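Per-entry structural report
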Amino acid sequence: MVEQSEVRVVRCGGSKINLRPPIISTDSRFVLCASGDSVKVYSTRTEEWLHSLQGHTNQVTGITLNPANHLQVYSCSADGTVKLWDFIDGILIKTFIIGYPLFAIYVSEKHDGIVFLHIAMDTDSKNECFQLVAVHLPKSAEQEVEAKELSAVSSRISPNPSCTAFGREGQYIAFARHLQLNVYFFRKQKTYSFSLKATDKKGAKNAFTCIACHPADDCIATGHEDGKIRLWRNFIHTKEYTYSTQHWHHNAVNTVCFTPEGTNLLSGGIESVLVQWQYGAGNRKEFLPRLGGSILHVSTSSDGQLFCTSHSDNKITVIESSFKVCGVIQGLVKGDAVLTDLMIDPRSKALVLNGKPGHLQFYSLLRDKHLYNLDIVQQEYIYEAGLDQFEVVKAAFDIKGYWLATVEERGQKSSDLEFSLKLWAYDERTQSFVLNTTITAAHTDRIMSMCFSSSEETTMLVTTAEDGQFKAWCQGADADTQQDQNFWSCDFVGSYHNLKPTNCSFSADSSLLAVSFQEVITIWSPDTWELLTTLCQPPGVVRDLCFGQLSCSKYLIATTTRNLLCCWNLLTCALEWSTSVEVSKLQPDPLSENVAAFSYQSKHTDLFVFKPNEPRPLFTHKNVCSEKMHRAVFVPREEPLNNCDESSQWLNRSQLYFLTQNMDLLTFSTATEEDRMLSSSKRLVIDDSVAVTPFYLLLGKHRQQQQKLNTPSHPAADKPQQPQGSLTCLLLSFPSLFFPPEMEMESSEQEMNSEKEEEHSEEEMEACDSQQELRAQGSVDEVTPKLSKAQERELKRVRKTDFSWMAGLIDSKP
Amino acid sequence: MGEFKVHRVRFFDYMPSGIRALAFNQDTERMAVARMDGSVEVFHCSDRFFQEKIIPGREQFGIEGLSWVGERLFSAGLNGGITEYDLTNQKVKYTIDAYGGPIWTIAGNQQGTHLAVGCEDGTVKLFEVNEDNIQFERNLDRQKSRIVSLSWHPSGSKIAAGMMDMIQVFNVETGHSMHRMLADRGVGTSRSKECVVWSVVYLSDGTIITGDSVGMVKLWDDQTGTLIKSHNVTKCDVLALSVSQNEDSLVAGTSEGIVVQFQFVSMVLGKDDKEWVRTRTFRNHTHDIRAVAEITTAVVSGGMDAQLVVRPLLDKIEERSAASALRKIHFPHRRLVACARKSGLMLFQYPGHLELWRLGESEGKGIPGSSLFVKRNPEKLLHLKVKGEDHIRCSAVSPCGEWIVYSTASTLRLYRLHCDNNNISITKISKLPKVLSSANQLCFSSDSSHLFSASAQSSVHLVSISQSGCKFVGTLKPKSGSHQAIHLLAASEDGKWVASANSDHEVHIYNLQTRKAHCTVPIYSSAVTAMGIHPATNCLFMMHADQQMFEYSIEQKQYTDWSRTVQRKGLHRLWVERDTPCLNVMFNPQNPSHVILHDMYMLCIIDQSLPLPDDKTQFYNQLTLKSLTEEQRKSHSHAFKVCKTFKDILCVELMPDQSLVVVERPLEDIATQLPAPIKQKKFAT
């Protein structure tokens with residue numbers, strides 16, 4: 001199984017950015033957040049993803065600034081290492097190997113060279129007992145050091161990392177678990193414990209949910225499950241301790257955080273309202289409402305000018321201290337459940353799935369960027385538990401991406417089901433989908449599946465429903481309406497022995513339509529609506545159905561509930577082969593003959609990749625993940641890889657993403673891919689052998705910057721399809737969005753040589769050219785060259801130096 | 001336990017009066033409470049907050065302030081007078097006019113030498129406290145607006161006075177104002193309204209703390225006269241402040257009905273720079289809190305909703321016990337209902353009048369728990385208004401229902417009731433013996449031939465009453481002991497004995513045949529809350545405020561064996577932890593081993609023939625017993641049978657026909673009759 005090691009499951013793209021509190025760099029220019037296996041660095045001003053710190057091999061579970069050097073960041077990961085990074089340049093400085101899975105990291109200025117980590121107690125993994133340990137980081141010049149000096153601070157702590165905080169000047173650490181607050185004083189080496197009652201007469205739920213310590217006073221703020229915030233004081237007395245209670249949140253407080261000066265306390269919870277409490281002034285408070293999803297974390301910059309909140313809808317909001325939202329960093333929105341399939345928008349190659357309630361989201365996996373939400377339901381969503389509201393349950397694109405069909409549904413739980421089928425046309429002008437037809441009673445019962453025909457000429461939609469019918473919909477000129485616009489109407493209603501249809505699928509050339517009616521698969525000709533043949537392989541109801549692609553288009557593959565995977569040859573109408581395997585998801589790759597099948601057996605999911613023409617799997621990957629696999633999709637690559645290796649060949653043309661029940665988006669990565677990534681990150685370091693002159697810095701650098709700016713904005717194919725924004729505007733609108741903070745220089749430069757405007761415009765022309773060149777290349781792996789630290793320092797120096805001599809030169813030039 | 005027919009009486013519209021002022025005496029651990037109707041009550045803080053003394057009020061006699069000077073209690077009110085109380089005899093000692101218009105506040109200094117009152121005319125008047133009276137000494141500098149609140153500096157050299165819109169600090173020596181500090185008015189519309197400094201507290205370190213009508217608690221420095229810090233506590237008024245003895249905790253009562261605690265804690269642990277920080281909030285009231293007091297282990301608050309709330313401070317309590325539970329005192333610890341058992345009449349005592357009702361009658365029989373058909377509705381026979389301004393102190397109706405007696409602080413009146421068919425008339429008995437000028441407690445003998453009247457010096461006057469008139473028979477005096485007023489009287493069924501209990505916990509038993517003191521029950525540390533003499537055995541059954549019970553054999557002059565067993569084995573934890581005192585002791589003539597008790601929340605029958613429960617047995621076991629068979633029941637049953645069917649009980653009485661009269665006054669009914677509280681926004685409404 002050597003081959004398997006080459007293809008591994010990674011979290012890549014669309015991963016959670018709200019797992020841990022984001023941190024703001026000391027100069028307030030960057031926001032860092034743990035995202036999957038890497039740490040992402042965003043610009044606070046432009047909200048743009050600058051780069052990511054890659055190197056961990058498992059989920060990054062905590063990040064914190066190095067108190068000794070504010071340009072460095074510590075990160076800890078479930079892979080058992082703590083890494084120290086230079087986050088501006090993205091250079092890994094050091095790796096400390098701890099050896100246990102780590103879950104959170106804390107540092108304090110007073111504890112130099114010591115990090116505090118959450119590790120899982122190895123004794124019993126069932127109860128999830130977490131331990132807080134102090135680790136002395138050895139000082140050595142080596143890149144990889146093993147840190148062996150572990151000393152336990154507390155052996156039973158809450159798994160929630162927001163329940164631990166350092167107190168004033170690092171003198172004590174406070175941690176809460178369930179109903180108990182513990183304060184450990186380092187100097188005295190003594191722990192004080194305070195307990196609350198589980199409930200009181202008024203039904204308050206007193207469990208601790210988060211904790212924060214005042215930076216200057218000995219005051220601990222704790223958030224509770226019932227929405228109360230308590231401020232604890234005098235906690236060196238076990239009896240005369242005291243606390244005051246504030247209550248605004250109506251549900252659990254997810255986070256509390258003091259501003260660096262300690263003048264205010266920020267808190268957030270499920271209401272998605274950021275509350276700022278004035279410290280010491282009782283109940284005086286300010287609100288910032290309607291921030292989106294519920295607030296999970298709040299953090300502040302060290303100067304207190306910026307706040308950062310992360311939300312349950314995978315979003316980070318950057319807020320000024322004047323309570324104004326100044327930036328939103330949106331990741332892949334993960335709702336309660338993905339009801340639609342994972343789809344790829346054929347136009348933008350963006351991943352499409354449920355996002356905000358009632359919306360479809362478009363997410364660019366390549367640039368790992370949320371593009372936009374498409375409002376399907378077009379009704380106000382009411383945030384209230386237990387309210388039955390419209391949800392998008394099905395969606396499908398036609399092959400060119402001109403049409404989008406959606407089904408929204410309400411009343412899944414109750415008997416009176418409401419649903420409607422909507423068809424959306426792509427509007428070139430607004431670059432987004434526009435509602436074309438709404439069919440309120442498409443069927444008399446729930447729509448089970450739908451698909452578009454795959455031919456280029458005619459678009460046809462087939463829906464199957466629980467009422468025992470399948471319907472074909474066509475865009476036709478309606479005789480009644482005299483308008484230019486063509487609406488969709490029903491073309492054909494088909495049924496088979498009153499059985500309930502479940503799945504439908506068009507063959508690659510759209511000449512055949514397969515509809516499964518429980519155990520029976522019927523093959524229809526869409527042109528004549530004639531039932532051509534039926535295929536049946538009892539026992540077991542057909543669960544999934546698909547045609548082979550490309551050269552294998554004569555094959556029809558189906559899975560049944562009785563653990564059977566069957567492949568029929570449609571030319572002979574005979575079963576080609578069948579095998580007994582429990583398949584939970586069948587996913588054909590549109591760009592190759594490959595079909596991926598996920599099977600869930602004995603508590604883990606296995607992946608088989610096969611071609612329909614041979615019953616032998618091309619590739620198998622055991623134990624992809626421990627949960628049941630939910631949805632999967634093949635995402636076409638920008639540029640095909642050329643892996644010769646048999647095991648990774650199937651990933652050459654497209655990449656397989658899948659979604660687990662825990663809403664983790666995972667993918668497979670090959671060794672070659674990773675190699676390329678590593679080499680590109682190394683390239684960052686080698687730089688600057690050229691002698692640096694002021695002119696080089698001014699002009700050369702500027703050019704380089706322009707290039708750099710444009711590289712992220714890849715070729716047109718994956719241009720974010722901003723609704724209401726035309727393509728031409730895009731180019732113009734980009735720079736302001738894309739300027740990294742270094743570009744301040746340009747303005748000063750412009751002032752300086754305003755007379756050289758022509759030259760300047762030439763530069764821009766050049767920049768455009770270079771961009772076009774890049775576009776022509778269309779290289780995916782072109783990674784942004786970044787200014788190294790040395791360069792930047794140089795830049796700063798140059799910025800400071802007096803340029804008056806040059807002004808003189810320019811003046812004397814003519 | 002037995003089955004009873006129950007008259008569930010809910011037509012006693014008793015309304016407790018709102019609490020206006022509180023004063024705590026640290027040395028004697030007594031809490032004085034002044035109510036809106038002018039009555040003053042004294043609670044014993046270390047004896048489960050038993051209401052030891054009640055001094056009834058008068059019409060048009062509002063009390064605004066209350067102050068202890070040593071063991072003497074003074075009050076001042078809007079009628080402009082300062083009143084001293086005679087706590088021994090539970091009456092007003094004297095009232096002198098301060099000649100400054102209505103008095104808003106009164107404060108005594110810690111040295112016990114002077115009283116200061118704040119008057120409507122803007123003067124702070126100093127009174128010297130003499131041996132047996134007080135004497136006007138002088139005025140401090142007169143101000144333009146009324147003085148609403150006063151506080152002495154603990155040294156007695158300075159006084160802080162809260163006024164409209166400002167606070168003045170006076171030097172007592174010179175009488176001149178040292179500082180004038182302006183309190184800010186509210187913002188917006190309330191800008192035009194004056195800011196009333198409702199309450200002021202002067203600390204020994206020179207900090208002045210004020211609570212005002214803007215809702216702020218402000219801290220001022222008396223050296224510079226500047227504001228140190230202000231806490232916005234509420235949107236309405238902060239009406240009352242109180243600081244603990246060691247000045248590390250402060251409580252503020254607001255008109256929203258919340259009590260806010262502030263504590264003087266160090267901001268950085270281990271260092272001395274302390275600050276006042278708002279900490280806890282107590283929400284036990286529905287209406288304005290007019291008075292708060294922080295006593296050693298608890299915060300006591302009272303207000304318009306007429307309940308006295310004792311909220312224990314758990315950090316000050318060494319060990320948790322029944323005494324450290326939250327306590328709400330709604331009803332007086334005295335009986336307001338008298339019952340003429342033989343004729344089925346009920347006498348209800350209101351502050352200013354008496355009501356006589358005849359109980360209804362029912363017919364048929366029902367299963368336990370069902371209600372019977374009422375054949376005849378209860379009927380109000382009489383509404384007897386008090387002559388004069390004084391409120392009723394005590395009242396009684398004779399068992400035969402023929403005689404009604406009541407006493408105020410100044411007069412005692414005896415009426416004879418004529419009742420022939422539907423014609424009811426009363427005649428006042430004139431020419432009462434001179435000794436019957438006023439009584440602390442009244443009681444008829446069981447054959448209605450004699451009236452016992454407790455009066456001064458712990459003595460009981462014995463008066464025989466008959467058709468012809470009323471004749472003084474003699475005075476029963478204790479051999480020795482204190483002269484505290486008697487608050488309980490109990491006469492034996494056979495007419496041989498009468499027992500009296502006074503507020504020094506003394507219980508004297510008199511022989512009525514010899515008219516001499518028979519004996520004195522050994523003094524117990526807790527006050528007697530109810531007592532009764534057993535009709536068959538002539539044993540005196542006493543209930544105490546700490547929920548202990550004693551049975552004393554009068555004839556043998558010693559505790560009975562049962563009582564000794566109770567003391568030896570101890571009472572069940574759940575019994576001892578109850579927080580309201582037992583108010584009546586009754587005996588069932590049909591079942592001599594049964595003693596019936598009640599408090600505010602329950603009715604209990606003690607079967608002296610059954611074993612006593614220990615801490616391991618289930619105390620409330622009626623439901624368990626029901627599920628058991630007859631034989632198993634015997635082994636599981638114990639002496640205490642508690643019935644919690646009735647709530648907010650004012651009185652329970654056992655009638656000769658084996659029916660119970662339960663007089664309830666539901667707290668909800670009281671709440672509906674209170675004025676509307678300040679409107680507050682409630683979440684999700």
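Residues numbered from 1 in each chain as written. Chains lettered and ligands numbered in written order. Predicted model: local features only at pLDDT ≥ 70, side-chain atom pairs only at ≥ 80, totals over all residues. Heavy atoms only, no water.

1. Brief notes about the pattern of salt bridges
Enumeration over the complete set of coordinates arrives at 35 salt bridges over all chains. Among the salt bridges present, the one from R58 of chain B reaches E389 of chain B, with a minimum N-O distance of 3.4 Å. Of this pair, R58 of chain B sits in the loop between β5 (50–55) and β6 (63–69) while E389 of chain B sits in the loop between β35 (379–385) and β36 (392–397); the two residues are 331 residues apart in sequence, bridging distant segments of the chain. Residue E389 of chain B is classed as partly exposed on the basis of its relative accessible area, which comes to 42%. Across the salt bridge formed by E84 of chain B and R72 of chain B, the nearest N and O atoms sit 2.8 Å from each other. One end of the pair, E84 of chain B, is in strand β8 (residues 81–86); the other, R72 of chain B, is in strand β7 (residues 72–77), with twelve residues separating them in the sequence. The exposure class of E84 of chain B is buried, given its relative accessible area of 1%. By relative accessible area, which is 18% here, R72 of chain B ends up buried. Salt bridges sharing partners connect three or more residues here, namely R168, E169 and D218 of chain A. (Salt bridge = Lys/Arg side-chain N within 4 Å of Asp/Glu carboxyl O. Helix = DSSP H or I, 4+ residues; strand = E, 2+ residues; numbered from the N terminus. Buried < 20%, exposed > 50% of the residue type's maximum accessible area, 1.4 Å probe, protein only.)

2. Overview of the domain arrangement of chain A
Residues and elements named next belong to chain A. Looking at chain A, the domain boundaries give domain 1 (18–155), domain 2 (158–330) and domain 3 (340–441). For domain 1 versus domain 2, the distance between C-alpha centres works out to 22 Å. Of the residues lining the interface, 26 residues belong to domain 1; the matching set on domain 2 comes to 33 residues. Taking both sides of the interface into account, the surface hidden between domain 1 and domain 2 amounts to around 2,400 Å²; carbon and sulfur atoms contribute 68%. Ranking the residues of domain 1 by area buried against domain 2 places N18, P22 and I24 at the top, with a combined share of 26%. Our enumeration of links across domain 1 and domain 2 arrives at zero salt bridges. Only β2 (23–24), β3 (30–35), β10 (102–106), β11 (114–120), β12 (130–136) and β14 (150–157) provide two or more residues apiece to the side of domain 1 that touches domain 2. Along the lines of polarity and charge, the residues of the side of domain 1 that touches domain 2 split into 15 nonpolar, eight polar and three charged. (Domains from an automatic or database assignment. Contact = heavy atoms within 4.5 Å. Buried area = accessible area lost by both parts, 1.4 Å probe. Nonpolar A, V, L, I, M, F, W, Y, C, P; charged D, E, K, R; others polar.)

3. Structural notes on the environment of R429 of chain A
Take R429 of chain A: it is sitting in the loop between β37 (418–427) and β38 (432–439). Between the alpha carbons of R429 of chain A and L565 of chain A there is a distance of 45 Å; along the sequence they are 136 residues apart.

4. Overview of the side chain of K53 of chain B
All names here are of chain B. Structurally, the position occupied by K53 is in strand β5. Buried charged residue K53 carries no salt bridge. Nearest counter-charge: E52, at 4.6 Å. Here the side chain of K53 touches Q484 through a polar contact of 3.5 Å, side chain to side chain. With residues up to four places along the chain from it excluded, the contact list for K53 reads V40, E41, V42, L87, Q90, R334, Q484 and S503. (Lys, Arg positive; Asp, Glu negative; His and termini not counted. Polar contact = N/O pair within 3.5 Å; in protein donor to acceptor, adjacent residues only side chain to side chain.)

5. Here's the deal with the interface of chain B and chain A
The figure often quoted for interface size is the accessible area lost as the parts come together. Opposite the 21 residues of chain B that make contact, chain A presents 21 residues. The three residues of chain B that bury the most area against chain A are M267, L269 and D315 of chain B, which together make up 33% of that side's buried surface. The interface formed by chain B and chain A includes zero salt bridges. At the surface where chain B touches chain A, the tally comes to four residue pairs in polar contact (both at pLDDT 80 or more). If you list the elements that add at least two residues to the side of chain B that touches chain A, you get β21 (226–232), β24 (258–266) and β25 (274–283) of chain B. Here the element with the most residues in the side of chain B that touches chain A is β25 of chain B; it accounts for five residues. Residue classes in the side of chain B that touches chain A are distributed as nine nonpolar, six polar and six charged.

6. Let's talk about the sheet that holds strand β57 (residues 659–664) of chain B
Residues and elements named next belong to chain B. Spatially, three strands are ordered β1-β57-β56 in an open sheet, and the strand pairing comes out mixed. With one partner strand each, in any of the chains shown, β1 (5–9) and β56 (649–654) form the two edges of the open sheet. Strand after strand, the sheet turns through a mean of 15° between neighbouring axes, direction not considered. With five bridges connecting them, β56 and β57 associate as antiparallel partners. (Pairing = 2+ DSSP bridges. Axes fitted to C-alpha atoms, helices over the stretch in contact; angles between N-to-C directions.)

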